[in-house]
Amino acid sequence: MTNVYYDTAASPFLYSKKIYAIAREIVGIEKIFFGTDFPLISPSRYFKELEESGLSKQDREKILGLNFSGRFGFDRKRSESNIR
């Protein structure tokens, strides 16, 4: 299960807000990526749910992008400079 990751897509339809803390305890926060079912579910709904989940700001930031960028070697600063 070393290479198995989880995403947040459809979580508002399937689980309570507690799922994030439960998943953190079972697999670790680093294994959770942000994903949406847009346009079925607006990203703002996920943001609100994560805010109300009881996770720390640091854990939410990991889910919302740091985990993905760290896993796949995405350098945020380099990418932002390429956009300009």
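Scroll up to find the structure.
Residues numbered from 1 in each chain as written. Predicted model: local features only at pLDDT ≥ 70, side-chain atom pairs only at ≥ 80, totals over all residues. Heavy atoms only, no water.

**Some points on the side chain of asparagine 67**
Quick note on the threshold: By definition, any uninterrupted DSSP run of H or I lasting at least four residues is a helix, any uninterrupted run of E lasting at least two residues is a strand, and each is numbered from the N terminus. Relative accessibility under 20% of the residue-type maximum defines a buried residue, over 50% an exposed one, and the middle range a partly exposed one, all with a 1.4 Å probe and only protein chains included. Nitrogen and oxygen atoms within 3.5 Å of one another constitute a polar contact, given that in protein one can donate a hydrogen and the other can accept it, and given that sequence-neighbouring residues count only through two side-chain atoms. The contact rule is simple, with two residues in contact once any of their heavy atoms fall within 4.5 Å.
As for its position among the elements, asparagine 67 is in helix H4 (residues 57-72). Assessed through its relative accessible area of 7%, asparagine 67 is described here as buried. Engagement of the side chain of asparagine 67 in a polar contact is seen with the backbone oxygen of isoleucine 29, the distance being 2.7 Å. In this structure, asparagine 67 is in contact with Ile29, Glu30, Lys31, Ile32, Phe33 and Lys62, ignoring residues within four places of it in sequence.

**Some words on H4**
Note the threshold: The span one expects for a helix is its residue count, reduced by one, times 1.5 Å. A residue's bend is the angle separating two fitted axes: one through the seven residues that end there, the other through the seven that start there.
Relative to the 22 Å expected for 16 residues at 1.5 Å per residue, H4 spans 22 Å between its end C-alpha atoms, a close match to the ideal helical length. Isoleucine 63 marks where H4 bends most, by close to 60 degrees. Along its buried surface, H4 packs onto helix H2 (19-27), strand S2 (32-33) and helix H3 (43-51).

**Focus on the environment of serine 53**
Position of serine 53 among the secondary structure elements: in the loop between H3 and H4. On the basis of relative accessibility, which here comes to 12%, the residue serine 53 falls in the buried class. In this structure, the C-alpha to C-alpha distance between serine 53 and tyrosine 20, residues 33 residues apart in sequence, is 6.9 Å. If we skip the residues at most four places from it in the chain, serine 53 touches Lys17 and Tyr20. Polar side-chain contacts of serine 53 include one of 2.7 Å to the backbone oxygen of leucine 50.

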